[in-house]
Amino acid sequence: MKASEKRHPPPSPWLPRGFLILGVALLCLGGWLLWNEKPMPSQDEPDVPPGETMAGEVLWHRPLPPHPRGILVLASGYNDRRGWMVHHPPWVDFAQRENLALAEASFASPLPELAQGRKGYYYPEHGSGQRLQDALEREYGPPETCPPLLLFGFSGGGIFLSRFQDWTQYPVAAWATLGSGRYPPPRPGQPPALLVCGDEDGNLEGNRRYLRQCRRLGVEAQLQELFQCGHVLDFRTEEAVQLFFHRILREREANQKETGI
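The rules behind each value
- Residues numbered from 1 in each chain as written.
- Predicted model: local features only at pLDDT ≥ 70, side-chain atom pairs only at ≥ 80, totals over all residues.
- Heavy atoms only, no water.
- Salt bridge = Lys/Arg side-chain N within 4 Å of Asp/Glu carboxyl O.
- Helix = DSSP H or I, 4+ residues; strand = E, 2+ residues; numbered from the N terminus.
- Buried < 20%, exposed > 50% of the residue type's maximum accessible area, 1.4 Å probe, protein only.
- Pairing = 2+ DSSP bridges.
- Axes fitted to C-alpha atoms, helices over the stretch in contact; angles between N-to-C directions.
- Contact = heavy atoms within 4.5 Å.
- Expected span 1.5 Å × (residues − 1).
- 1 Å grid on protein atoms, 1.4 Å probe; cavity = no way out; pocket = protein on both sides within 12 Å on 5 of 7 lines; lining within 4 Å.
- Points joined across faces, edges and corners; volume = space filled by probe spheres on them.
- Nonpolar A, V, L, I, M, F, W, Y, C, P; charged D, E, K, R; others polar.
- Core = buried A, V, L, I, M, F, W, Y, C linked by side-chain atoms within 4.5 Å.
- Parallel < 35°, antiparallel > 145°, perpendicular 65-115°, else oblique.
- Left-handed = near helix turned anticlockwise from the far one by under 90°.
- Arc of directions from axis to C-beta.
- Right-handed = clockwise from strand over helix to strand, strands pointing away.

Draft legend 1. A look at the pattern of salt bridges. All chains considered together, the criterion is met by 11 salt bridges. Residue Arg69 pairs with Glu253 through a salt bridge whose shortest N-O separation is 2.8 Å. A residue pair is termed long-range when its members are at least 10 positions apart, and Arg69 in the loop between β1 (55-60) and β2 (70-75) and Glu253 in helix α7 (residues 235-259) qualify at 184 residues. With relative accessibility at 33%, the residue Glu253 sits in the partly exposed group. Close ionic contact of Arg247 with Glu251 constitutes a salt bridge, the shortest N to O distance being 3.1 Å. A residue pair is termed a helical-turn pair when its members lie 3 or 4 positions apart in one helix, as Arg247 and Glu251 do in helix α7 at four residues. Taking relative accessible area as the criterion, Glu251 reaches 34% and is therefore assigned partly exposed. Taken together, the shared-partner salt bridges in this structure form one network comprising Glu205, Arg208, Arg212 and Glu225.

Draft legend 2. Focus on the sheet that holds β1. Strand order in the open sheet made by the seven strands is β1-β3-β2-β4-β5-β6-β7, with mixed pairing throughout. Looking at the sheet topology across the chains shown, the edges are occupied by β1 and β7 (221-226). Put simply, the sheet's adjacent strands are angled 15° from each other on average, direction ignored. Helix-sheet contacts for helix α5 (residues 156-167) involve β2, β3 (100-108), β4 (149-154) and β5 (172-178), and the interaxial angle to β4 is about 150°. Of the strands in this sheet, β5, β6 (193-198) and β7 touch helix α6 (residues 204-217), which is tilted by about 155° from β7.

Draft legend 3. Structural context of α5. Compared with the 16 Å implied by 1.5 Å per residue over 12 residues, the 17 Å span of α5 between its first and last C-alpha is a close match. Burial analysis of α5 places 10 of its 12 residues in the buried class, the great majority of the element. Buried within α5 we find Gly156, Gly157, Gly158, Ile159, Phe160, Leu161, Ser162, Arg163, Phe164 and Gln165. On its buried side, α5 packs onto β2, β3, α4 (128-140), β4 and β5.

Draft legend 4. Seen up close, empty space enclosed by the protein. Applying the stated criterion across every chain, the model contains one cavity of 30 Å³ or more. By volume, the largest cavity amounts to about 40 Å³. Lining the largest cavity we find Ala75, Ser76, Gly77, Asp80, Ala105, Phe107, Tyr121 and Gly157. Across the lining of the largest cavity, the residue classes tally to four nonpolar, three polar and one charged.

Draft legend 5. Inspection of the nonpolar core at higher detail. Membership of the largest hydrophobic core comes to 37 residues, with the highest contact counts inside it found for Trp60, Ile71, Leu132, Leu136, Leu149, Leu151 and Phe160. Apart from residues no more than four positions distant in its own chain, Leu132 is found in contact with Val58, Val73, Phe160, Leu161 and Phe164. Listed in part, the 26 residues of the second largest apolar core include Ala95, Leu100, Ala173 and Phe245.

Draft legend 6. Seen up close, the packing of helix α2 (residues 89-98) against α7. For the pair α2 and α7, the least separation of the axes is 11 Å and the interaxial angle reads 15°. As far as their axial angle goes, α7 and α2 are roughly parallel. Both α2 and α7 take part in a crossing whose hand is right-handed. Of α7, the residues touching α2 (which contributes Pro90, Trp91, Phe94, Arg97 and Glu98) are Glu238, Val241, Gln242, Phe245, His246 and Leu249. For the contact of α2 with α7, a count of residues per class yields six nonpolar, two polar and three charged.

Draft legend 7. Summary view of α4. Taking 1.5 Å per residue as the helical rise, α4 with its 13 residues ought to reach 18 Å, and the 18 Å between its terminal C-alpha atoms agrees with that figure. Among the residues making up α4, those that are buried are Ser128, Gly129, Leu132, Gln133, Ala135, Leu136 and Tyr140. Considered in projection along α4, the buried side chains sweep an arc of 160° and stay on one side of the axis. Against β1, β2, β3, β4 and α5 lie the buried residues of α4.

Draft legend 8. Representation of the pairing of β5. Summarising burial for β5: seven of the seven residues are buried, a large majority. Note that β4 and β5 share six bridges and pair parallel. Considered in β5, the bridge of Leu151 is made with Trp175. You can see the chain leave β4, run along α5 and come back into β5, and the turn it takes is right-handed. Relative to β6, β5 is paired through four bridges, and the arrangement is parallel. Within β6, the position partnered with Trp175 by the bridge is Ala193.

This is how it looks when you write it as structure tokens:
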């Protein structure tokens, strides 16, 4: 053997055995976790009380302002009950700057109720509207004394809140949606609306159709299409909706000052 050649020791017999032991341990751990995991309801099959079409609650960002200029109500996408929007910093910061109370409608319903039966939380007349109104009344009183509402929902949340503004007796200053596309027929005198939708979102045509209906009735509505955007929560929406709500509040208060109301 040449001096430059190196003699390598034979592989340790423990090396493959160690991999085998590690693999068996991981399999056992995975099996134990699977066995002990508690089943969680899927988005299509949420945990709904027997005899009801929805579950959920209204979440508030506390402490609540005692005399807010308005109440900002948010709702996330289809059956999203994580309750994250009410703590999302851009919305919290906006509410604090504008002196708004901040709430989130965190509801869910079984898919068949929403897709086939015109039931579930998308439709306020089937319980979700009353649940939101009860939460508003507990904190800020009846419609006659409650501050004006600003409503923003993504996807399924937008479907619910667009119908809620049409159904409720509470004062709604304005409403906005992202990626929705299913709305109740517009009516003269309804609150101003901002529709936001990605240009790659399948719901875009539904928003365009609703905008045409609003224009025929002289209803204030606008559509903002997001470039190269699909059916997702896009950060550009937050700024657009906040500017829209800021303008609505400013104009509303200016009108009240002029009329002395």
